[in-house]
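# Architecture and fold: a report
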Amino acid sequence: MRKGTGEVVEVFDGRSGGWDAEVVEAGKMKGALRVLAQVRPQRDPPDLWLLFAPIKRARTDFIVEKAAEMGAARICPVQTDFTNSERIRRDRLQAHAVEAAEQCGGTFVPEVAEIEKLGALLDHWPEDRRLMFCDEGLAGAGATLPRDAGPWAVLIGPEGGFSEAERSRLAALPQAHAVSLGPRILRADTAAVAALTLWQTTLGDWA
Ligand code: SAM
């Protein structure tokens with residue numbers, strides 16, 4: 001950053017709102033700030049997780065960035081039966097989430113979890129958390145999102161979609177609600193943004 005000593009920048013730690021801070025040291029290798037005063041209150045998103053199957057690197061980066069902008073509270077990469085990319089760099093994705101929060105003037109940074117197998121995640125799925133299962137098999141159907149308040153998660157599949165075994169597993173999970181994202185099959189990155197929009201406008205902080 002091209003800031004010199006005496007200039008003021010806004011800083012945040014993800015928990016305590018936004019603060020003005022004065023640059024008191026601006027060296028090539030290090031710098032120092034003195035925190036002055038709080039300028040924005042902490043604003044946390046609703047309790048919504050995004051579960052998604054990683055796809056190609058640039059598109060996975062896009063999903064994490066958009067999820068942070070759209071107000072996901074936690075981002076959970078999941079390995080599904082047809083996931084084409086099983087290795088992710090969690091630290092890189094976390095850095096993308098921080099950048100996205102900076103870009104949109106947020107004070108909250110969603111945690112990016114380690115990748116986990118979808119089956120294992122469902123084995124210990126919290127009883128009180130509903131799961132919006134975006135099922136491409138319902139494309140064109142008029143499935144709607146139940147207006148149940150409380151913790152939620154959105155689940156987006158990979159390019160290959162969900163296997164029949166995963167569909168049966170999700171159908172047996174009482175917390176899961178299969179939904180359609182309209183008449184067209186969307187790419188996974190588009191689907192993630194569409195699903196977060198649908199949830200935020202129905203149950204979240206756009207409602
Ligand atoms: N290969 C699959 C097919 O041809 O049916 C398409 C998978 S789609 C590219 C990736 C993910 O986006 C899906 O697993 C689903 O979670 C979500 N998705 C895309 N379009 C959808 C729709 N119209 N309704 C519900 N979910 C959708």
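Residues numbered from 1 in each chain as written. Predicted model: local features only at pLDDT ≥ 70, side-chain atom pairs only at ≥ 80, totals over all residues. Heavy atoms only, no water.

Within an unreviewed UniProt entry, the label attached to the protein reads Ribosomal RNA small subunit methyltransferase E, and the organism entered is Palleronia salina. You can read under Catalytic activity (unreviewed entry) in the UniProt record for the protein the words "uridine(1498) in 16S rRNA + S-adenosyl-L-methionine = N(3)-methyluridine(1498) in 16S rRNA + S-adenosyl-L-homocysteine + H(+)". (UniProt positions renumbered as here; feature names shortened; annotations may be inferred.)

Taken together, 21 residues are adjacent to the ligand, and Cys134, Glu136, Glu159, Leu181 and Arg184 come closest. The separation between a nitrogen atom of the ligand and a polar main-chain atom of Gly182 is 3.2 Å. About the coverage of the ligand: the protein hides 84% of its 580 Å² of free accessible area. Of the residues assigned to the shell around the ligand, the class counts are 11 nonpolar, five polar and five charged. (Near = heavy atom within 4 Å. Polar contact = N/O pair within 3.5 Å; in protein donor to acceptor, adjacent residues only side chain to side chain. Areas by Shrake-Rupley, 256 points an atom, 1.4 Å probe, with all protein chains shown as cover. Nonpolar A, V, L, I, M, F, W, Y, C, P; charged D, E, K, R; others polar.)

Moving on, we get to the packing of aromatic side chains. Note on aromatic pairs: each is described by the distance of the centres and the angle between the planes. One pass over the full model with this rule turns up two aromatic pairs. The interplanar angle of 80 degrees and the centroid separation of 5.8 Å between the aromatic rings of Trp49 and Trp125 together place this pair among those described as edge-to-face. You can see Trp49 sitting in strand S4 (residues 48-52) and its partner Trp125 sitting in the loop between helix H3 (118-123) and strand S8 (130-134), a full 76 residues away along the chain. Trp125 shares its class with Trp49; the two are buried. Between Arg74 and the ring centre of Trp49, over which it is positioned, the NZ or CZ distance is 5.4 Å. (Phe/Tyr/Trp six-rings, centres within 6.5 Å; stacked < 30°, edge-to-face > 60°. Helix = DSSP H or I, 4+ residues; strand = E, 2+ residues; numbered from the N terminus. Buried < 20%, exposed > 50% of the residue type's maximum accessible area, 1.4 Å probe, protein only. Lys NZ or Arg CZ within 6 Å of the ring centre and 35° of its normal.)

When you tally the buried positions in S4, you get five out of five residues, the bulk of the element. Sheet topology places S4 next to strand S9 (residues 152-156); five bridges connect them, and they run parallel. The residue bridging Phe52 from the neighbouring strand is Ile156, located in S9. Taken together, the four bridges between S4 and strand S5 (residues 74-79) define a ladder with parallel strand orientation. If you follow Phe52 over to S5, its bridge partner there is Pro77. Note that the unit made of S4, helix H1 (residues 57-70) and S5 has a crossover that is right-handed. (Pairing = 2+ DSSP bridges. Right-handed = clockwise from strand over helix to strand, strands pointing away.)

The next thing to look at is the pairing of S5. Here S5 pairs with strand S6 (residues 111-112) via two bridges, running parallel. If you follow Arg74 over to S6, its bridge partner there is Glu111. Of the pairings in the sheet, the one linking S5 to strand S7 (residues 116-117) comprises two bridges and is parallel in character. The residue bridging Gln79 from the neighbouring strand is Lys117, located in S7.

This part is about the pattern of salt bridges. Scanning the entire structure with this criterion turns up 19 salt bridges. Taking the shortest distance from any N to any O, the salt bridge between Glu25 and Lys30 comes out at 3.7 Å. Across the pair Arg74 and Glu111 runs a salt bridge, and its minimum N-O distance is 2.9 Å. Taken as a pair, Arg74 in strand S5 and Glu111 in strand S6 lie far apart in primary sequence, 37 residues in all. The class for Glu111 is partly exposed, based on a relative accessible area of 42%. (Salt bridge = Lys/Arg side-chain N within 4 Å of Asp/Glu carboxyl O.)

What follows deals with the domain arrangement of the protein. Once the domains are mapped, the protein shows domain 1 (8-40) and domain 2 (48-202). On the domain 2 side, the residues contacting the six residues of domain 1 number seven residues. In total, domain 1 and domain 2 occlude about 450 Å² of area from one another, counting both sides; carbon and sulfur atoms represent 62% of this. Where domain 1 touches domain 2, the interface holds zero salt bridges. If you look at where domain 1 meets domain 2, you find one residue pair in polar contact (both at pLDDT 80 or more). Of the residues in the side of domain 1 that touches domain 2, the class split is one nonpolar, three polar and two charged. (Domains from an automatic or database assignment. Contact = heavy atoms within 4.5 Å. Buried area = accessible area lost by both parts, 1.4 Å probe.)

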